[in-house]
Amino acid sequence: MASLLQLIFSGLESGSIYALATLGIMLIYRTSTVTNFAQGMIGMFSAFFAAAIVMGNLDLTLYSVAIAVLFAVAFILFLKKKEISYAISVPVSLGIAFIFVLIIHWIGRSVWSATILGIITGFITGVIIDFVIIRRAQKVNPLSKQIITMGLVIVILGITPVIFSKMIVGATPIMIPPFISEGSIRILGAALSYNSLFNITVGLVIMISLFLFLQRTKWGLAVRTTASNPQVARMMGVPTKLVTVGAWAVAASLGALAAIMYAPQAAILSPGYMVVIQIVAFVACMFGGFQTFHGPVIAAYIIGIVRNLIVFYGSDFLRIFSPTISSEFGSIWGEQILYILILVFIIFRPFGLIGKKTIKKV
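Figured I'd write up the structure that's included with this text.

It is worth spelling out the pairing of strand β2 (residues 190–193) at this point. Only one face of β2 is buried: it carries A190 and L192, and the other face, with A191 and S193, is open. Hairpin connection of strand β1 (residues 184–187) to β2: two residues between the antiparallel strands, including L188 at a positive phi of 55°.

Encoded structure:
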């Protein structure tokens, strides 16, 4: 029982990381009709900024002030659109920016400040990608948009070693420590570290909060309307451009958080360390179905748990049919067996676990 619970807890932690990346892909797909192959690379890029802060390779003051100034300018422009005078918008914006800088310096060069700045970096990266690239490709067919995101993978993989050259060629390994370095609790004999508990809680809270946001708020309705039919949404007065840029920004932030949460498991960071998360996230999207937001997220948690069960119990189960199976068979071939099972499932149910066939009326 203790071993089973240990595997489930570990699967929930992995599933939380997969779910964050998966939901980011789904937000972009449902609002921009783009399959974002660069989700993992965007998260990796933001995680490198977080690692640079933790390791002291980035000026914390300069970086936090730069982000605060960008926020202040954006907030001033936003308040101006709401017809709020500069006499009010400027002091309020600068005050919030100043408080942000003070908080970052109060936290110091810890994983907490690095995570905050890393998530904001992801947010800004998502906004830039939508404004500079995706919005300029509105008339491009969906396949070409996917190729554009593949190009983003190459671009990000190319510029990361240039920006962080001192870290990559240095003697010190690039690492991000866990949020909580030590301590654990025992539940029915199974040990659960405080960091794993924190990751599971953060993942579930973010998932639930975003689903409530999509279902209960005006902006959530705008996102669902845009996801359903962008053309009709524009005719109904929905600000689809704002929804799209918001989806890219939030998706990039989720990717950044997933990358930072996964970093302690990866141990040493490299430009390609998020590839496995990207692959699992896409598998979760196909397994859960691209027609809903919650289907792929549920699939991500299922993959995280079932993978552990197959790796641990796979050899014992197969030895029932063939006693010559090696005891290491499950640990070596567990992931491949899981992906084969998912592939077989998709063959018989091509629209995924919860997805439905899209019927277009002419």
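After presenting the structure, the write-up continues.
Topologically, I25 is positioned in helix α1 (residues 2–32). Separated by eleven residues in the primary sequence, I25 and N36 have C-alpha atoms spaced 6.0 Å apart. The contacts of I25, once residues within four sequence positions are left out, are N36, Q39, Q278, A281, F282 and C285.

Here the idea is plain: a probe the size of a water molecule rolls over the atoms and shows the empty space left. There is about 1500 Å³ of room inside the largest pocket. In terms of lining, the largest pocket is formed by 36 residues, of which the most central are A74, F123, V127, L242 and V245. When residues of the lining of the largest pocket are traced back to their parent elements, those giving at least two are α1, α3 (60–81), α4 (86–107), α5 (111–134), α8 (194–216), α9 (218–228) and α11 (240–266). Counting residues per element, the lining of the largest pocket draws most heavily on α3, which supplies ten residues. For the lining of the largest pocket, the per-class residue count stands at 30 nonpolar, two polar and four charged. Reported here for the second largest pocket is a volume of approximately 970 Å³. Taken together, 30 residues form the lining of the second largest pocket, with R30, T33, A227, S228 and P230 sitting closest to its centre. Elements that contribute at least two residues to the lining of the second largest pocket include exactly α1, α5, α9, α10 (230–235) and α11. Among the elements that take part in the lining of the second largest pocket, α1 stands out by supplying four residues, more than any other. Residue classes in the lining of the second largest pocket are distributed as nine nonpolar, 14 polar and seven charged.

Criteria and thresholds
- All residue numbers refer to positions counted from 1 along the written sequence of the respective chain.
- Given that this is a predicted model, residues contribute local features only at a pLDDT of at least 70 and side-chain atom pairs are listed and counted only at 80 or more, while totals for whole chains, interfaces and linings are drawn from all residues.
- Values reported for side chains reflect all heavy atoms of the structure, with hydrogen atoms and water molecules removed beforehand.
- For the exposure calls, accessible area comes from a 1.4 Å probe over protein chains only, and a residue counts as buried if that area is under 20% of its type's maximum, exposed if over 50%, partly exposed in between.
- Here a helix means four or more residues in a row that DSSP labels H or I, a strand means two or more in a row labelled E, and each is numbered from the N terminus.
- Two strands pair under a simple rule: DSSP has to find at least two bridges between them.
- Should any heavy atoms of two residues lie within 4.5 Å, those residues are counted as being in contact.
- Definitions used for this entry: grid spacing 1 Å over protein atoms alone; cavity, a set of points where a 1.4 Å probe fits but cannot get out; pocket, an open set with protein on both sides within 12 Å along at least 5 of 7 lines; lining residue, one with an atom within 4 Å of a point.
- Grid points are joined across faces, edges and corners, and a volume is the space filled by probe spheres set on the points.
- Residues are grouped as follows: Ala, Val, Leu, Ile, Met, Phe, Trp, Tyr, Cys and Pro are nonpolar; Asp, Glu, Lys and Arg are charged; all remaining types, including Gly, are polar.

Everything listed here is a matter of coordinates, which is why it stays silent on function.
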